[in-house]
Amino acid sequence: MKKEKVYFGRGGRKESRANVRLLSGKGKIEINGKKLEEYFPNEFLQQRMMKPLEVTGNKENFDSFCRVSGGGISGQADALKLGIARALVKQDEKLREILRKNGLLTRDPRMKERKKYGQKGARKKFQFTKR
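Residues numbered from 1 in each chain as written. Predicted model: local features only at pLDDT ≥ 70, side-chain atom pairs only at ≥ 80, totals over all residues. Heavy atoms only, no water.

A look at the pairing of strand β5 (residues 62–69)
For step 1, the next point in the chain: Of all eight residues in β5, six are buried; the element is thus mostly enclosed.
For step 2, the next point in the chain: The sheet contact formed by strand β2 (residues 16–24) and β5 spans eight bridges and is antiparallel. Along β5, the bridge assignment pairs Ala18 with Val68.
For step 3, the next point in the chain: Bridging between strand β3 (residues 29–31) and β5 involves three bridges; their strand directions are parallel. When the bridges of β5 are listed, Glu30 appears paired with Phe65. (Buried < 20%, exposed > 50% of the residue type's maximum accessible area, 1.4 Å probe, protein only. Helix = DSSP H or I, 4+ residues; strand = E, 2+ residues; numbered from the N terminus. Pairing = 2+ DSSP bridges.)

Here you go:
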C-alpha cells in the first residue's frame, strides 16, 4: 500500500480553532465527521471557507478532513479558511504569494472586548440618575 502525503494546517478566529488535514483526492470535505453542506447549511459560509481552494484552483484536487471547535459558525468558517490556506502553503510554497494577495494567510486579530467594572458591558454604561 502506497502511503500518501498529508498536509496539516491550523487556523483560528475569535474563539474558534480549526485543524485541517489535506489529502490528494476529489474535493470531498468533512467537518467534525459531517459533510460540508450539513455543517454549514448557509451557502455564504461555505463559499467563505472554500475561498483558498478556489483561488488556487485546487478545489477538485484535495480531500479535506477538518476538526473545528469553539465560537460560532462564522468564526469557525474563518478558522477553517485560514487552516486550509496554511495547509496549501505546506503542500506548495508557490501558492503563498497568491494566498497572501487575497488576504487568506492573515489571522484576523479582532476579539471580543472585555466587560469593564462599574459598567453594563464593554462600552454600555448603567443609566445615569441625577437625583
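Quick word on the confidence of the model for the protein
For step 1, the next point in the chain: Averaged over all residues, the pLDDT of the protein equals 93, while 98% of them reach at least 70.
For step 2, the next point in the chain: No element of the protein has a lower mean pLDDT than helix α2 (residues 43–56), at 93, and none a higher one than helix α3 (residues 73–91), at 95. (pLDDT = per-residue confidence, 0-100.)

Describing the packing of aromatic side chains
For step 1, the next point in the chain: The final tally for this structure, using the stated rule, is one aromatic pair.
For step 2, the next point in the chain: Measuring from ring centre to ring centre gives 5.1 Å for Tyr39 and Phe40, while their planes differ by 90°; the resulting arrangement is edge-to-face.
For step 3, the next point in the chain: Look at Phe40 and you get buried, because its relative accessible area is 1%. (Phe/Tyr/Trp six-rings, centres within 6.5 Å; stacked < 30°, edge-to-face > 60°.)

Looking at the nonpolar core
For step 1, the next point in the chain: The biggest cluster of nonpolar side chains holds 28 residues, and the ones touching the most others in it are Ile31, Phe40, Met49, Leu80, Leu88 and Leu99.
For step 2, the next point in the chain: Broken down by secondary-structure element, the contributors of at least two residues to this core are β2, β3, α1 (36–39), α2, β5, α3 and α4 (95–101).
For step 3, the next point in the chain: For Leu80, the contacting residues outside a window of four places in its chain are Ala18, Val20, Ile31, Phe40, Met49, Cys66 and Val68. (Core = buried A, V, L, I, M, F, W, Y, C linked by side-chain atoms within 4.5 Å. Contact = heavy atoms within 4.5 Å.)

Topic: the sheet that holds β2
For step 1, the next point in the chain: Across the sheet, which stays open at both edges, the five strands sit in the order β1-β2-β5-β3-β4 with mixed pairing between neighbours. What marks the edges here is a single partner per strand, and that holds for β1 (6–13) and β4 (34–35).
For step 2, the next point in the chain: Of the strand pairs in this sheet, β3 and β4 are connected by two bridges, and their pairing is antiparallel. Bridging across to β4, Glu30 finds its partner in Lys35.

Considerations on α2
The α-helix winds at 3.6 residues per turn, so residues separated by three or four positions along the chain end up facing the same way.
For step 1, the next point in the chain: With 14 residues, α2 should reach 20 Å at 1.5 Å per residue; the first-to-last C-alpha distance of 20 Å fits that figure.
For step 2, the next point in the chain: The sharpest bend along α2 measures roughly 55° and falls at Met50, with the proline Pro52 sitting one to four residues further on.
For step 3, the next point in the chain: Among the residues of α2, Leu45, Gln46, Met49, Met50, Pro52, Leu53 and Thr56 are the ones counted as buried.
For step 4, the next point in the chain: Where α2 is buried, its residues meet β3, α1, β5, α3 and α4. (Expected span 1.5 Å × (residues − 1). Bend = angle between axes of the 7 residues up to and from the residue.)

Concerning the environment of Tyr39
For step 1, the next point in the chain: Tracing the chain through its elements places Tyr39 in helix α1.
For step 2, the next point in the chain: Exposure remark for Tyr39: the relative accessible area of 18% places this residue in the buried category.
For step 3, the next point in the chain: Spatially, the C-alpha atom of Tyr39 lies 34 Å from that of Arg123, the residues being 84 residues apart in sequence.
For step 4, the next point in the chain: In contact with Tyr39, not counting residues within four places along its chain, are Ile31, Asn32, Lys34, Val68 and Gln76.
For step 5, the next point in the chain: A distance of 3.4 Å separates polar atoms of two side chains, one belonging to Tyr39 and the other to Asn32. (Polar contact = N/O pair within 3.5 Å; in protein donor to acceptor, adjacent residues only side chain to side chain.)

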